[in-house]
Amino acid sequence: MDGDGGTAAAWMATHRGMYERATRHPFTVSIRDGSIDLAAFKRWLGQDYTFVQGFVAFVASVLLKCCKESDSSDMETILGGLASLSDELSWFKKEAAKWSVDLAGISPLSSNMEYCRFLQSFDDPEISYTVAITTFWIIETVYQDSFAFCIEEGNKTPGELLRTCQRWGSPEFKLYCQSLQQIADRCLANAPPDVVKSAEEAFLRVLELETGFWDMSSSQS
Ligand SMILES: Cc1ncc(CO)c(N)n1
């Protein structure tokens, strides 16, 4: 959100409508205003646990591309992100137990499977590091922005959902997203036009998939 003149911030501005559909979705807005249907929240929790399992493999593919294609210190940021997913999976297990969600019995719904298939496509070594890191940045940023809004001033977020909102809405998570944004911007500034175009397409695809993921959580489709 914090425009610093880079390509990433420019895309958020150009594609404002799609960005807001993903980050001010009725599902997360209903967390903020306290009207959330707890059955929908539990559905999201179970689905997101299975998503994160696929996301680990995606982040590993970003790390691999980084090691092969980048000679900078990006590796430490990405490795830190990957390491924090280990903690995130434990968090999901604890949270699921509190909500009596049986993680072992979850099967991914179609929007979740579609998203995971998109993430798997990054295994292809032909997909560049620039496209992959841009994708990684926007995936994390949609959650950061969505959940930060739930704990901003004026929220009526139910107390039992605050732990969830703080996980992605915290200032630390925001800093982490900003470091991913800096990496993406640097890569995009040095990339040829066809790669920048692919990165923008991936950025838009993530916004669609994130919106679909919230829709799925709201309505069991
Ligand atoms: C669907 C989805 N998008 C982004 C994140 C952020 O890690 C997540 N956990 N789940």
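Residues numbered from 1 in each chain as written. Predicted model: local features only at pLDDT ≥ 70, side-chain atom pairs only at ≥ 80, totals over all residues. Heavy atoms only, no water.

(A) Structural view of the site of the ligand. Every residue near the ligand is listed here: Asp48, Phe51, Val52, Phe55, Glu88, Ile139, Glu140, Tyr143, Trp168, Glu210 and Phe213. The side chain of Asp48 places a nitrogen or oxygen atom 2.7 Å from a nitrogen atom of the ligand. Interatomic distance of 3.2 Å between a side-chain N/O atom of Tyr143 and a nitrogen atom of the ligand. In isolation the ligand exposes 290 Å². Once the protein is present, 100% of that is buried. At the level of elements, α4 (38–69), α7 (129–151) and α10 (193–219) are the ones that each hand at least two residues to the shell around the ligand. In terms of residues, the shell around the ligand owes the most to one element, α4, which gives 4 residues. (Near = heavy atom within 4 Å. Polar contact = N/O pair within 3.5 Å; in protein donor to acceptor, adjacent residues only side chain to side chain. Areas by Shrake-Rupley, 256 points an atom, 1.4 Å probe, with all protein chains shown as cover. Helix = DSSP H or I, 4+ residues; strand = E, 2+ residues; numbered from the N terminus.)

(B) Structural view of the pattern of salt bridges. Applying the stated criterion to the full structure yields 10 salt bridges. Ionic pairing is found between Asp87 and Arg167, a salt bridge with its closest N-O pair at 3.3 Å. With Asp87 in helix α5 (residues 74–98) and Arg167 in helix α8 (residues 162–169), the pair connects residues that are 80 residues apart, well separated along the chain. Lys98 is the salt-bridge partner of Glu95, the closest N and O atoms lying 3.9 Å from each other. Residue Glu95 and its partner Lys98 are located together in helix α5, separated by 3 residues, close to a single helical turn. The exposure class assigned to Glu95 is buried, which follows from its relative accessible area of 1%. The network of salt bridges with common partners includes Asp87, Glu88 and Arg167. (Salt bridge = Lys/Arg side-chain N within 4 Å of Asp/Glu carboxyl O. Buried < 20%, exposed > 50% of the residue type's maximum accessible area, 1.4 Å probe, protein only.)

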